[in-house]
Amino acid sequence: LDRRLGGRLVGLSINVNPHASSYVFGDVTRRIRGSARFAPPLPRRWPGEGLRLEVPATGFFQVNVSQIPPLAERIGAHLDEAGDGPWFDLYCGVGTWGIVASHVRGTPPSELVGIEENPRAVDCAASNARTAGLARRARSLAGRTEDLVVAEADKTPPVGVVLNPGRPGCPPGVPAALRRTRPRPGAH
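Residues numbered from 1 in each chain as written. Predicted model: local features only at pLDDT ≥ 70, side-chain atom pairs only at ≥ 80, totals over all residues. Heavy atoms only, no water.

1. Notes on unusual backbone geometry
Okay, so step 1: With phi around 60°, Tyr91 is a residue other than glycine that occupies positive phi space.
Okay, so step 2: Within the secondary structure, Tyr91 is located in the loop between strand 5 (86–90) and helix 2 (96–105).
Okay, so step 3: Look at Tyr91 and you get buried, because its relative accessible area is 18%. (Helix = DSSP H or I, 4+ residues; strand = E, 2+ residues; numbered from the N terminus. Buried < 20%, exposed > 50% of the residue type's maximum accessible area, 1.4 Å probe, protein only.)

2. Describing helix 2
Think of an α-helix as 3.6 residues a turn; residues three or four steps apart then line up on the same face.
Okay, so step 1: Among the 10 residues in helix 2, 9 count as buried, and that is most of the element.
Okay, so step 2: Of all the positions in helix 2, only Thr96, Trp97, Gly98, Ile99, Val100, Ala101, Ser102, Val104 and Arg105 are classed as buried.
Okay, so step 3: Contacts made by the buried residues of helix 2 are with helix 1 (68–82), strand 5, strand 6 (111–116), helix 3 (119–131) and strand 8 (160–163).
Okay, so step 4: Positive phi shows up at Gly106, right after helix 2, with a value of about 90°. (Contact = heavy atoms within 4.5 Å.)

3. Brief notes about the packing of helix 4 (residues 145–155) against helix 5 (residues 173–180)
Okay, so step 1: Remark: helix 4 packs on helix 5, axes separated minimally by 9 Å, with the N-to-C direction vectors making an angle of 0°. Our classification of the angle between helix 4 and helix 5 gives roughly parallel. Contacts from Thr145, Glu146, Val149 and Val150 of helix 4 reach helix 5 at Gly173, Val174, Ala177, Leu178 and Arg180.
Okay, so step 2: A per-class count over the contact of helix 4 with helix 5 returns 5 nonpolar, 2 polar and 2 charged. (Axes fitted to C-alpha atoms, helices over the stretch in contact; angles between N-to-C directions. Parallel < 35°, antiparallel > 145°, perpendicular 65-115°, else oblique. Nonpolar A, V, L, I, M, F, W, Y, C, P; charged D, E, K, R; others polar.)

4. Comments concerning a nonpolar patch on the surface
Okay, so step 1: A cluster of nonpolar side chains, contributed by Leu9, Leu12, Ile14, Val16 and Ile32, occupies part of the molecular surface with about 440 Å² of accessible area.
Okay, so step 2: Its place among the elements puts Val16 in the loop between strand 1 (11–15) and strand 2 (29–34). (Patch = residues over 30% accessible without salt bridge, like charges linked within 9 Å, V, L, I, M, F, W, Y side chains within 5 Å. Areas by Shrake-Rupley, 256 points an atom, 1.4 Å probe, with all protein chains shown as cover. Salt bridge = Lys/Arg side-chain N within 4 Å of Asp/Glu carboxyl O.)

5. Looking at the sheet that holds strand 8
Okay, so step 1: Read across the open sheet, the 4 strands follow the order 7-6-5-8; overall the sheet is parallel. Every other strand in the sheet has two partners, leaving strand 7 (138–142) and strand 8 as the edge strands with one partner each. Neighbour to neighbour, the strand axes of the sheet diverge by 15° on average, direction disregarded.
Okay, so step 2: Relative to strand 7, strand 6 is paired through 5 bridges, and the arrangement is parallel. Across the sheet, residue Leu112 finds its bridge partner in strand 7, namely Ala138.
Okay, so step 3: On the sheet, helix 2 packs against strand 5, strand 6 and strand 8 and is oriented at approximately 140° with respect to strand 5. (Pairing = 2+ DSSP bridges.)

6. Here we look at the pairing of strand 5
Okay, so step 1: A large share of strand 5 lies buried, amounting to 5 of its 5 residues.
Okay, so step 2: Every second residue of strand 5 is oriented toward a common face, with Pro86, Phe88 and Leu90 on one face and Trp87 and Asp89 on the other, all of them buried.
Okay, so step 3: The pairing of strand 5 with strand 6 spans 5 bridges and is parallel. Looking at strand 6, one finds that Phe88 is bridged to Val113.
Okay, so step 4: Running through helix 2, the crossover from strand 5 to the neighbouring parallel element strand 6 is right-handed.
Okay, so step 5: Of the strand pairs in this sheet, strand 5 and strand 8 are connected by 4 bridges, and their pairing is parallel. When the sheet's bridge partners are listed, Leu90 is paired in strand 8 with Leu163. (Right-handed = clockwise from strand over helix to strand, strands pointing away.)

This is the structure we're talking about:
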């Protein structure tokens, strides 16, 4: 329910995961009614005010939205120290951290590469980047981080990396892949 819309139902979907795993969602989602996406309310009075992000029914989003501004400001400040160049947003979901850090920082990265395994979230990340004015600078890739990060870094090493893995954490291959990316000097 969206309180901003008077408590009206935005959409209703059902997803069943028959497998025992740390991943919450199963492979099939059935939209029952309304939209298969929702736009969570973001905080007011912060540098990212006015930003709109969409999340698929089976997507993850920061539940405690009051934490988005301070985290985004810290991420943006850290990436500011990295200098100009591409950023990688790994396990990007709908692109939240790379997009809001770009917005808070004021100067977007030369390229924002989001990598996420959930294809519905990747579609939202691409849409969210366009909405945030990053269409020409952002690419959202569907696939496993450990499979894509080295190939992407071989094209252009990142100056900054946002790493926000799921509940089970990073598979051992991800830190190893990041070490092999040969980030530019001064990367954070």
